[in-house]
Amino acid sequence: MNLLRATGAILRADLLQRLRSPRYWLVMFSLGAFMWWCLPPADADYMTVVIGDSVRGRYSSAWVGMAVALVYSPLLSLAGFYLVRGTLTRDIDTRAWQLLVTTTMSRRAYLIAKWLSHLAVFAGVLLVGLVFALALQVVRGEDRHIDLLELLKPVVLITMPALAVTATLAVWFDLVPWLRRSAGNVVFFFVFFALVSVGTSQANRTPDATPPFPGDLHGLVDVEYDMSHRWPAASAVLAEEMRVRAAAEAKAKAKAKASAEKPEPGSRAEPGGDAANMETPGLSIGKLELEGRRPTLVDWPRWQVSGEMLVGRAFWFGGAFLVLLLATPLLDRFASRTSAVRTYRGASLRWLDWLLRPLQHGSRGALLASELRLVLRSRRWWWWLAMAIVSIVQLAAPREGLAIAILVAWMLSLDVFSRLVLREHDTRTAALVFTAPGMRTTLLVTRVVMAIGLAWLVTLPALLRLSMQDPVAAAATAVAGASLALWGLALGALFRNARPFELSMLAAGYISVQGALVLNTLVASQTTLAWHAASIPMALALLVTAWRQGLAARA
């Protein structure tokens, strides 16, 4: 009873604190409104949740509930981590934890309450998404019969176990000292994609295959199996898609065989395409252009859940809870290491003093030199080593490696761009710093110059190399670096939090590695240059407004 009472009290206090922030309401309704795009009308030219090339269920309660579950499971697992994390770190850094341990509250109750608080925030987002989905079910009018059980079933069984794992990781990342800040945000981004691939890339998708246990974290393989193997209404359409694919594959192999050299005596010809041996048309989540095709709609009023799937989903949920409890005996040890205790005093870097000596003659130059020392002296030895390796790669690697090296250099400076304007907020020194006349404007200008200078400094080898080989790409790299620095400062000042910019940068870096233009300045350099140049005035305006009305004005 004491455990329940303590858990309930901490959960209530934590939730009330979260709900006071406009950020949570903004994210909640933005993600909820996202369902409007995810459930397009039948005459739209795209689909979002589809089996095969063009099959989906009519918008019944079961189907819109499944769409909410499948879309939100990976989306909220990624974005939700950055939304909920930080509450344990705040308790530790503000010494609230030391007050809590003087009460009768147990460590286990504290961790469970924080975990449940994360899940409650996720449930709020899901609830808003379900309300939008239910409204769309009525508006689209394909099946207006409302069944709340079928609406909720996919969300509870598919999405909540995945979000339970995210909530557990958020607790652990708040506890482990070196994962509490930007490094943890970067590490989770890669952990998320590693978890997405577990159970999906190894799944056997041939017609007679059985779903693996416990399935993947987001339940995609289980749902894909149910829909493509146990969906009689769509089986004829899916079989036709498989027959067409098999015919196309056989035709391609025959063409390749005809153009190849004559096979040696005794060798066997490769068989052509066979629908029986092909993988079944899979489940696709994301925008699928129909390109003139009409979607095939099938009735899907009820989702038949198998026992194997229930056990698999229970495995993920129970595993998340057990991993959470493993943190209980380590809680005091982690909580004793606050950010203030772990503040790194930094290296002396005497060569930096020599380099910055020309700036010491004026007050603004001295301020810029001080800002540079604060940033560079706090860098660890591994940061300097990584930057040295990246610089060599920028000079010597082929063009593809050069593009990645530029991205890595910016990622290594991610915390500077995102946290530079938050220093007075984090250290609670704003009331002291801004007492100097004109300091609000002077400090902002100094940090803008320093951030842009750092973005150029970490890519200096690439800029020198490209200026001789490809001047347009060099200009695109310089302008993109300035744009990143300004957007980092602007979003930090706007949200008073580094996570929105860090998540945006990681996502942009990920798609740029795939060849997108966002941060890859070597692909369509002129277009990238134009886009970043156009975004700089917007970032500057946002930064000045947020700085004056937010961080500096509160001092």
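Calculation notes
- Residues numbered from 1 in each chain as written.
- Predicted model: local features only at pLDDT ≥ 70, side-chain atom pairs only at ≥ 80, totals over all residues.
- Heavy atoms only, no water.
- Helix = DSSP H or I, 4+ residues; strand = E, 2+ residues; numbered from the N terminus.
- Buried < 20%, exposed > 50% of the residue type's maximum accessible area, 1.4 Å probe, protein only.
- Contact = heavy atoms within 4.5 Å.
- Expected span 1.5 Å × (residues − 1).
- Bend = angle between axes of the 7 residues up to and from the residue.
- Patch = residues over 30% accessible without salt bridge, like charges linked within 9 Å, V, L, I, M, F, W, Y side chains within 5 Å.
- Areas by Shrake-Rupley, 256 points an atom, 1.4 Å probe, with all protein chains shown as cover.
- Salt bridge = Lys/Arg side-chain N within 4 Å of Asp/Glu carboxyl O.
- Pairing = 2+ DSSP bridges.
- Axes fitted to C-alpha atoms, helices over the stretch in contact; angles between N-to-C directions.
- Parallel < 35°, antiparallel > 145°, perpendicular 65-115°, else oblique.
- Nonpolar A, V, L, I, M, F, W, Y, C, P; charged D, E, K, R; others polar.
- Core = buried A, V, L, I, M, F, W, Y, C linked by side-chain atoms within 4.5 Å.
- Lys, Arg positive; Asp, Glu negative; His and termini not counted.
- Phe/Tyr/Trp six-rings, centres within 6.5 Å; stacked < 30°, edge-to-face > 60°.
- Lys NZ or Arg CZ within 6 Å of the ring centre and 35° of its normal.
- pLDDT = per-residue confidence, 0-100.
- Left-handed = near helix turned anticlockwise from the far one by under 90°.

- Where an unreviewed UniProt entry is consulted, the protein appears under the name ABC-2 transporter permease, with the organism given as Agrilutibacter solisilvae.

## Looking at the overall build of the protein
And then number 1: Each helix and strand in the protein was counted, giving 25 helices and four strands.
And then number 2: Per-residue burial for the protein yields a buried fraction of 47% across its 555 residues.
And then number 3: Put simply, of all contacts in the protein between residues at least 6 apart along the chain, 80% involve residues at least 24 apart.

## Some remarks on helix α4 (residues 61-84)
And then number 1: Relative to the 34 Å expected for 24 residues at 1.5 Å per residue, α4 spans just 29 Å between its end C-alpha atoms, considerably shorter than the ideal helical length.
And then number 2: The largest bend along α4 reaches roughly 40° and is located at L76.
And then number 3: With respect to burial, α4 is a largely interior element, 21 of its 24 residues being buried.
And then number 4: Backbone geometry just downstream of α4 places G86 in the positive-phi region, at approximately 115°.

## So, a nonpolar patch on the surface
And then number 1: Residues W381, W382, L385, I389 and V393 make up a contiguous nonpolar surface patch of roughly 550 Å² in combined accessible area.
And then number 2: Looking at the element boundaries, W381 is found in helix α16 (residues 381-396).
And then number 3: Relative accessible area serves as the criterion here: at 63%, W381 is assigned to the exposed category.

## Focus: helix α17 (residues 399-412)
And then number 1: Look at α17: 20 Å from first C-alpha to last across 14 residues, which is about the 20 Å you get at 1.5 Å a residue.
And then number 2: For α17, every residue scored as buried is listed here: L402, A403, A405, I406, L407, A409, W410 and L412.
And then number 3: Against the buried residues of α17 lie α16, α18 (414-419), α21 (439-457), α22 (460-469), α23 (471-495) and α24 (499-513).

## Notes on unusual backbone geometry
And then number 1: The phi torsion at R496 lies on the positive side, around 55°, for a residue other than glycine.
And then number 2: Topologically, R496 is positioned in the loop between α23 and α24.
And then number 3: In this structure, A524 takes a positive phi of about 50° despite not being glycine.
And then number 4: Relative to the helices and strands, A524 is located in the loop between α24 and α25 (525-551).

## Some details on the pairing of strand β1 (residues 46-51)
And then number 1: Taken across its six residues, β1 has six buried, putting it largely inside the fold.
And then number 2: With five bridges connecting them, β1 and strand β3 (residues 283-289) associate as antiparallel partners. The residue of β3 that forms the bridge with I51 is L283.

## Some points on the packing of α4 against helix α8 (residues 148-175)
And then number 1: In the contact formed by α4 and α8, the axes pass within 7 Å of each other and the chain directions differ by 10°. By the criterion of interaxial angle, the relationship of α4 to α8 is roughly parallel.
And then number 2: Residue composition of the contact of α4 with α8, by class: 19 nonpolar, six polar and one charged.

## Examining the nonpolar core
The nonpolar side chains of soluble globular proteins are, as a tendency, buried together.
And then number 1: Counting 83 residues, the largest nonpolar core has L111 and L175 as its most contacted members.
And then number 2: In this structure, L175 is in contact with L88, I92, L111, R180, A327, L331 and F334, ignoring residues within four places of it in sequence.
And then number 3: A369, A405, L420 and L444 belong to the second largest nonpolar core, which has 62 residues in total.

## Points about the environment of G141
And then number 1: Its location among the elements puts G141 in the loop between α7 (107-140) and α8.
And then number 2: Under the relative-accessibility criterion, G141 is labelled partly exposed at 31%.
And then number 3: A sequence separation of 82 residues divides G141 from Y59, and the C-alpha atoms of the two residues are 7.6 Å apart.

## Quick notes on the pattern of salt bridges
Note on pairing: side chains with opposite charge can pair once their charged atoms come close.
And then number 1: The full count for this structure, using the stated rule, is 18 salt bridges.
And then number 2: For R447, the salt bridge identified is with E424, shortest N-O distance 2.7 Å. Note that R447 is positioned in helix α21 and E424 in helix α19 (residues 423-427), a separation of 23 residues in sequence. Across the pair, E424 and R447 agree in class, each one buried.
And then number 3: Salt bridges linked by common partners bring D14, R18, D91 and K114 together as one network.

## Some details on the side chain of D222
And then number 1: Structurally, D222 can be placed in helix α10 (residues 220-229).
And then number 2: One buried charged residue, D222, remains without a salt bridge, the closest side chain of opposite sign being R313 at 4.8 Å.
And then number 3: If sequence neighbours within four positions are ignored, D222 has contacts with P211, P212, P214, G215, D216 and M309.

## Concerning the packing of aromatic side chains
And then number 1: This model, assessed by the stated rule, comprises 21 aromatic pairs.
And then number 2: Judged by centre distance (3.7 Å) and plane angle (10°), the rings of F81 and F188 are stacked. You can see F81 sitting in helix α4 and its partner F188 sitting in helix α9 (residues 182-197), a full 107 residues away along the chain. This pair shows no difference in class: F81 is buried, exactly as F188 is.
And then number 3: Arranged with centres 6.2 Å apart and planes meeting at 70°, the rings of F189 and Y510 form a pair that is edge-to-face. One end of the pair, F189, is in helix α9; the other, Y510, is in helix α24, and 321 residues separate them in sequence.
And then number 4: Linked through ring pairs, F189, F190, F192, F193 and Y510 together constitute an aromatic cluster.
And then number 5: Seen from the ring of Y46, K287 lies directly overhead, with NZ or CZ sitting 5.4 Å from the centre.
And then number 6: The ring of W383 carries the charged tip of R379 above its face, separated from the ring centre by 5.3 Å.

## What to know about the side chain of T168
And then number 1: Position of T168 relative to the elements: it lies in helix α8.
And then number 2: Among all residues touching T168, those that are not within four sequence positions of it are W115, A320, F321, V323 and L324.

## Considering the confidence of the model for the protein
And then number 1: Taken over all residues, the pLDDT of the protein has a mean of 82, while the share at 70 or more is 86%.
And then number 2: Per-element confidence in the protein is highest for α8, whose mean pLDDT is 93, and lowest for helix α11 (residues 232-259), whose mean pLDDT is 64.
And then number 3: Below pLDDT 50 for its whole length, residues 264-273 participates in seven contacts with residues either more than four positions away or in separate chains.

## A look at the packing of α17 against α22
And then number 1: Their axes nearest at 10 Å, the elements α17 and α22 cross at an angle of 140°. Considered as vectors, α17 and α22 are oriented oblique to each other. Here α17 runs over α22; the crossing is left-handed. Facing α17, whose interface residues are R399, L402 and I406, α22 presents A462, R465 and L466.
And then number 2: Residue composition of the contact of α17 with α22, grouped by class: four nonpolar, no polar and two charged.

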